[in-house]
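Residue-level structural notes
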Amino acid sequence: MMTTIDRPLPRRDGLHAKFYNYCRRHELRFQRCSQCRTWRHLPREVCHVCTSSEYMWERSAGFGRLYSWTVTHSALHPGFADDVPYISAIVHLDEGVRMVADLTGVGPAGLAAGLRVVVWFDDVDQQTTMPRFRQLIEVSTHRGKVARAGHRRRRYRLCSIGRGRRRHHSDARRSGPTAERGALAAIDGQRWGSRLTSVLRSARRRPS
Ligand SMILES: [Zn+2]
């Protein structure tokens, strides 16, 4: 008979608990200094720029770029055995903070610094949700009126969440959607479409 060994979960106390409680609501939030407006992560009591202790938990849009990564080929804990090789990434969020998280749905060969990524939320059990990232793939530029107007529109589609995650969460079974607009909808907890389509990054629909 097979037994399943659970993965270790993040610590849930103090400011860390705040961060993960927002994740549970599928919101990626970081502290932001009320005085100098600097975002920060990991959570801490005092701003490293101006030393103010006043802050708010502000919501990140969830988009960023791959800053660095490591690929694990041999699980150091049995709870991760089904997922090797897996990618632990440092993501540079558009808000300016960096965070460590899994990057899913892309193989080691597809990794490159600057890869556009977006957060997704993996409900690993009844209490815990892990923020993870997946790739946004730029699929085209310069089309129709857009090209004539001289504007550059960037279109994206979302890659799949990837193997080894399917047991966790309904998100992983959805085939949907795409691009940043779709991703934002997902972050907001709205239902995803069932078909893989592309939408515009700027939330402007492609002219028909
Ligand atoms: Zn500050």
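Residues numbered from 1 in each chain as written. Predicted model: local features only at pLDDT ≥ 70, side-chain atom pairs only at ≥ 80, totals over all residues.

Points about the nonpolar core
Ranked by internal contacts, the top residues of the largest apolar core, which has 26 residues, are Leu66, Ala89, Val91, Leu103, Val117, Val118 and Phe133. Put simply, the parts of the chain that give this core at least two residues each are α1 (14–24), β4 (63–72), β5 (86–93), β6 (98–104), β7 (116–123), β8 (129–140) and β9 (155–158). Lining this core are residues from two domains, each supplying at least three of them: domain 1 (11–59) and domain 2 (61–200). Each residue touching Val91, except ones within four places of it in the same chain, is listed here: Gly64, Leu66, Tyr67, Arg98, Met99, Ala101, Val117 and Phe133. (Core = buried A, V, L, I, M, F, W, Y, C linked by C-beta atoms within 7 Å. Buried ≥ 20, exposed ≤ 12 C-beta atoms within 10 Å, placed from the backbone. Helix = DSSP H or I, 4+ residues; strand = E, 2+ residues; numbered from the N terminus. Domains from an automatic or database assignment. Contact = placed C-beta atoms within 7 Å.)

Thoughts on unusual backbone geometry
Residues apart from glycine generally show negative phi values, whereas peptide bonds are mostly found in trans. In this model, His41 is joined to Leu42 through a cis peptide bond whose omega is 10 degrees. By the secondary structure assignment, Leu42 is in the loop between β2 (39–40) and β3 (55–59). Geometrically, the link from Val84 to Pro85 is a cis peptide bond, its omega value of -5 degrees lying close to zero. Positioned with a positive phi, His26 is a non-glycine residue whose angle comes to about 60 degrees. Its location among the elements puts His26 in the loop between α1 and β1 (29–33). On the neighbour-count criterion, His26 (18 C-beta atoms within 10 Å) is partly exposed. The backbone phi angle of Thr51 is positive, close to 70 degrees, even though this residue is not glycine. You can see Thr51 is positioned in the loop between β2 and β3. Taking the number of C-beta atoms within 10 Å as the measure of exposure, Thr51 has 10 and is therefore exposed.

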